[in-house]
Amino acid sequence: MIDKNSPIPIYYQLEEKIKTQIDQGELQPGDMLPSEREYASHYAISRMTVRQAITKLVNDGYVYRKKGTGTFVAAKKIDQPLQGLTSFTEDMKARGMVATNRLIHFKVISPPLSVMKALNIDSSTPVYEIQRVRLADGLPMALETTYISKHLVPNITEKLLERSLYDYVENSLGKEIGEGTQIIESSTVNQNEITHLNVKKGSPVLLIERHTYLKDGTPLELVKSSYRADRYRFMINMQR
Ligand code: GLP
């Protein structure tokens, strides 16, 4: 119940109550929440207070509003650990989800300066520029652009890009992937991401730039990804 004498704000108590219902599965992804009016009369609180709680839940990605219909429980966010250099395919498999890819763009280019620097190559080295939508159980999660030297990783085909690139590098080419660095920053979607990630204008994304190296130190890839911030959270374990 809501405790009106508590120093904890009422909107916060309601917000926590709904969050618990979602976390414990009483409210499932896709379920419609009771209306503001129903919450207000059930708990004898004002609609303004209910709206405040629900707006907070919308902003935190727990629920979403559909114009003229109501408020619905959102799909659970994926917690992605930041330790370990894993591939998208492995990440999804670890969660019991199936990774698929939609190829948007695939060509061989002469590398721009930033790619030359990242891959430690000169302008005469041909580079694959690959753009894929990465999907989990059929839902778009990220739009990813990969730059990889054609000399280092030859014979990439459209067919191959339906599968895991890391799997190809390690198991077909026998090259050992060693380490990587990653920078994460926040942004909002551009037109390309709106189209391919199937999200609304203004939606938040997490931009990730990954530089990956083989065990012998050779730069393997430069990857720029936009992950849907409504579906993804990054998690790190810290020790002191
Ligand atoms: C993640 C990383 C990319 C990496 C990719 C490889 O998505 N952000 O930097 O290239 O995994 O995934 P896969 O082996 O499934 O193609």
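Residues numbered from 1 in each chain as written. Predicted model: local features only at pLDDT ≥ 70, side-chain atom pairs only at ≥ 80, totals over all residues. Heavy atoms only, no water.

A.B. asks: Tell me about the site of the ligand, and name the residues and values.
C.D. replies: Taken together, 14 residues lie around the ligand, and Thr-89, Glu-144, Ser-164, Leu-165 and Glu-221 are the ones closest in. For the ligand, an oxygen atom lies 2.5 Å from a polar atom in the side chain of Ser-164. One of the backbone nitrogen or oxygen atoms of Leu-165 is found 2.8 Å away from an oxygen atom of the ligand. Within the complex, the protein chains bury 99% of what would otherwise be the 390 Å² of accessible surface of the ligand. Sorting the residues of the shell around the ligand by element identifies helix H4 (88–94), strand S5 (127–136), helix H6 (165–172) and strand S9 (219–228) as the ones contributing at least two each. Top contributing element to the shell around the ligand by residue count: S9, with four residues. Class assignment of the residues belonging to the shell around the ligand gives a composition of five nonpolar, four polar and five charged. (Near = heavy atom within 4 Å. Polar contact = N/O pair within 3.5 Å; in protein donor to acceptor, adjacent residues only side chain to side chain. Areas by Shrake-Rupley, 256 points an atom, 1.4 Å probe, with all protein chains shown as cover. Helix = DSSP H or I, 4+ residues; strand = E, 2+ residues; numbered from the N terminus. Nonpolar A, V, L, I, M, F, W, Y, C, P; charged D, E, K, R; others polar.)

A.B. asks: Tell me about the confidence of the model for the chain, and name the residues and values.
C.D. replies: Here the chain shows a mean pLDDT of 94. Residues at 70 or above account for 100%. Taken element by element, the chain is modelled with least confidence in strand S3 (residues 78–81), mean pLDDT 86, and with most confidence in helix H5 (residues 113–119), mean pLDDT 98. (pLDDT = per-residue confidence, 0-100.)

A.B. asks: Pulling in residues and values, what's your account of the side chain of Thr-212?
C.D. replies: Turning to its location among the elements, Thr-212 is positioned in strand S8 (residues 204–214). Given the relative accessible area of 0%, Thr-212 is considered buried. Reaching out from Thr-212, the side chain makes a polar contact with the side chain of Tyr-166 at a distance of 3.4 Å. Ignoring any residue separated from it by four or fewer positions in sequence, one finds Thr-212 in contact with Leu-85, Tyr-166, Ile-177, Glu-179, Gly-180, Thr-218, Pro-219, Leu-220 and Glu-221. (Buried < 20%, exposed > 50% of the residue type's maximum accessible area, 1.4 Å probe, protein only. Contact = heavy atoms within 4.5 Å.)

A.B. asks: Lay out the packing of helix H2 (residues 36–43) against helix H3 (residues 47–59) with the relevant residues and their values.
C.D. replies: When two helices pack together, their arrangement is given by the angle between their axes and by how far apart the axes lie. Taken N-terminus to C-terminus, the directions of H2 and H3 make an angle of 120 degrees; their axes are 9 Å apart at the nearest point. Classed by the angle they form, the pair H2 and H3 counts as oblique. The handedness of the crossing between H2 and H3 is right-handed. Here Glu-36, Arg-37, Tyr-39 and Ala-40 of H2 lie close against H3, whose contacting residues are Arg-47, Val-50, Arg-51 and Ile-54. Residues that form the contact of H2 with H3 fall into these classes: four nonpolar, no polar and four charged. (Axes fitted to C-alpha atoms, helices over the stretch in contact; angles between N-to-C directions. Parallel < 35°, antiparallel > 145°, perpendicular 65-115°, else oblique. Left-handed = near helix turned anticlockwise from the far one by under 90°.)

A.B. asks: Please provide a residue-by-residue account of the pattern of salt bridges, values included.
C.D. replies: For the structure on display, the rule yields 12 salt bridges. Where Glu-36 meets Arg-51, a salt bridge forms, and the shortest distance between an N and an O atom there is 2.9 Å. With Glu-36 in helix H2 and Arg-51 in helix H3, the pair connects residues that are 15 residues apart, well separated along the chain. Using a relative accessible area of 17% as the deciding quantity, one classes Glu-36 as buried. Given a relative accessible area of 38%, Arg-51 falls into the partly exposed group. (Salt bridge = Lys/Arg side-chain N within 4 Å of Asp/Glu carboxyl O.)

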